[in-house]
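This is what each chain is made of:
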Amino acid sequence: MFWIVTLIAVLFVLRLSFTTYREAKNRKEEALQRLEEVKEKYERAKKGRH
């Protein structure tokens with residue numbers, strides 16, 4: 001009985017950490033995309049000024 005409870009707890013924690021990792025990865029990708037957009041806007045603004 002104890003081992004079943006432990007196993008379920010371990011699986012739950014793994015699933016939770018995996019979900020958190022996936023969300024963090026998605027957030028990182030979104031942040032990189034936004035950074036890229038900001039860079040492009042900055043480059044266009046720089047070209048427009050000169």
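Above this text sits the structure in question.
Residues numbered from 1 in each chain as written. Predicted model: local features only at pLDDT ≥ 70, side-chain atom pairs only at ≥ 80, totals over all residues. Heavy atoms only, no water.

As a further point, take the overall build of the protein chain. Counting its regular elements, the protein chain contains one helix and zero strands. What you see for the protein chain is a C-alpha radius of gyration of 22 Å, clearly larger than the 10 Å of a compact globule of 50 residues, by over 25%. Seen through its C-alpha atoms, the protein chain measures out along the principal axes to roughly 75 × 5 × 5 Å. Per-residue burial over the protein chain gives 0% buried out of 50 residues. Of the roughly 5,300 Å² of accessible surface on the protein chain, 66% is carried by carbon and sulfur atoms. If the 12 positive side-chain charges of the protein chain are averaged to one point and the 7 negative ones to another, these points end up 2 Å apart. (Helix = DSSP H or I, 4+ residues; strand = E, 2+ residues; numbered from the N terminus. Rg over C-alpha atoms; globule rule 2.2 N^0.38 Å. Buried < 20%, exposed > 50% of the residue type's maximum accessible area, 1.4 Å probe, protein only. Areas by Shrake-Rupley, 256 points an atom, 1.4 Å probe, with all protein chains shown as cover. Lys, Arg positive; Asp, Glu negative; His and termini not counted. Charge placed at Lys NZ, Arg CZ, Asp CG, Glu CD.)

With that settled, consider the pattern of salt bridges. The full count for this structure, using the stated rule, is three salt bridges. Close ionic contact of arginine 27 with glutamate 23 constitutes a salt bridge, the shortest N to O distance being 3.6 Å. Of this pair, arginine 27 and glutamate 23 both sit in helix α1 (residues 2–49), separated by four residues, roughly a single helical turn. Take glutamate 23: its relative accessible area is 40%, and that puts it in the partly exposed class. (Salt bridge = Lys/Arg side-chain N within 4 Å of Asp/Glu carboxyl O.)

With respect to the helices, strands and loops of the structure, threonine 20 is situated in helix α1. Distance from threonine 20 to glutamate 30, taken between C-alpha atoms, is 15 Å for residues ten residues apart in sequence.

A few words now on the packing of aromatic side chains. If you walk through the whole model with that rule in mind, you get one aromatic pair. For the pair phenylalanine 2 and tryptophan 3, a centre-to-centre distance of 5.6 Å together with 65 degrees between the ring planes defines the contact as edge-to-face. Tryptophan 3 sits in the exposed class, given a relative accessible area of 68%. (Phe/Tyr/Trp six-rings, centres within 6.5 Å; stacked < 30°, edge-to-face > 60°.)

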